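Structural characterization, general
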Amino acid sequence: EKNSNYNIYVYDLETGTETQITTNKEIQFKPDIYGNKIVWEDRRNGDINVYMYDLETETEIQITDDEDGQYNPKIYGNKIVWQKYEKNSNYNIYVYDLETGTEIQITDDEISQTEPAIYEDKIVWTKSYWSYNDDKYMYDLYVYDLETGEKKFITNGEAHELNPNIYRDKIVWHDKKNGNYDIYMYDL
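What comes next is a walk through the structure. (Residues numbered from 1 in each chain as written. Predicted model: local features only at pLDDT ≥ 70, side-chain atom pairs only at ≥ 80, totals over all residues. Heavy atoms only, no water.)

Some points on the sheet that holds strand E16 (residues 170-175)
One open sheet accounts for 3 strands, arranged E15-E16-E17; its pairing is antiparallel. Edge strands, defined here as strands with exactly one partner in the open sheet, are strand E15 (162-167) and strand E17 (182-187). Taken over all neighbouring pairs, the strand axes of this sheet differ in orientation by 20° on average, direction set aside. As judged from the 6 bridges shared by E16 and E17, these two strands associate in the antiparallel manner. Directly across from tryptophan 173, in E17, lies its bridge partner tyrosine 184. (Pairing = 2+ DSSP bridges. Helix = DSSP H or I, 4+ residues; strand = E, 2+ residues; numbered from the N terminus. Axes fitted to C-alpha atoms, helices over the stretch in contact; angles between N-to-C directions.)

In structure tokens form, the structure reads like this:
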């Protein structure tokens, strides 16, 4: 019987070789990579948790072990971020430090915080909420500095500000301000 579930693979551009990282029959998806470390969502135990594989040591580590869902993991250096489904039906952002083995909750809000991305000590994400005045979902972007503990508001929910990413002091996302999805950038 052919396995119809998703697994994680890595392709080495230098050698031209493809290596299967996961072999579990459950779904593993949304991988991200930094250096020799790969992170992904994994459903092998019935819950959705974050796993990591180190290509150098060829070891797999389960990062989260929680019955609430952990989604959209991203990695930079020794830090992994993700969104966690909370019991009150929203999502918050968490970060795990591989060096210290500590997990920190970045957001604690009754409104969903999703789509995290990380670069060095800065984490960006989308905050989504229903606007009764506008009768639609609104989206804001935030950035948090792990070093200073400062949270900064980036956009004001004018439209669908989604899928943020960060590199150095630049944050990019797609937005539907003018009726079309366009790419926008904010310089910190």
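Comments concerning the sheet that holds strand E5 (residues 49-54)
Taken in spatial order, the 4 strands of this open sheet run E3-E4-E5-E6, and their pairing is antiparallel. This sheet does not close on itself; its edge strands, each paired only once, are strand E3 (28-34) and strand E6 (59-62). Put simply, the sheet's adjacent strands are angled 20° from each other on average, direction ignored. Of the strand pairs in this sheet, strand E4 (residues 37-42) and E5 are connected by 6 bridges, and their pairing is antiparallel. When the bridges of E5 are listed, tryptophan 40 appears paired with tyrosine 51.

Things to note about the side chain of asparagine 7
Relative to the helices and strands, asparagine 7 resides in the segment before strand E1 (9-12). A distance of 2.8 Å separates a polar atom in the side chain of asparagine 7 from a polar atom in the side chain of threonine 22. Within the structure, the side chain of asparagine 7 is placed 3.5 Å from the backbone nitrogen of threonine 23, a separation counted as a polar contact. (Polar contact = N/O pair within 3.5 Å; in protein donor to acceptor, adjacent residues only side chain to side chain.)

Things to note about the environment of isoleucine 63
One can find isoleucine 63 in the loop between E6 and strand E7 (70-76). On the basis of relative accessibility, which here comes to 11%, the residue isoleucine 63 falls in the buried class. Measuring from C-alpha to C-alpha, the distance between isoleucine 63 and tyrosine 96 comes to 8.0 Å, with 33 residues separating the pair along the chain. Beyond its immediate sequence surroundings of up to four residues, isoleucine 63 is in contact with Val50, Tyr51, Met52, Ile80, Trp82, Tyr96 and Leu98. (Buried < 20%, exposed > 50% of the residue type's maximum accessible area, 1.4 Å probe, protein only. Contact = heavy atoms within 4.5 Å.)

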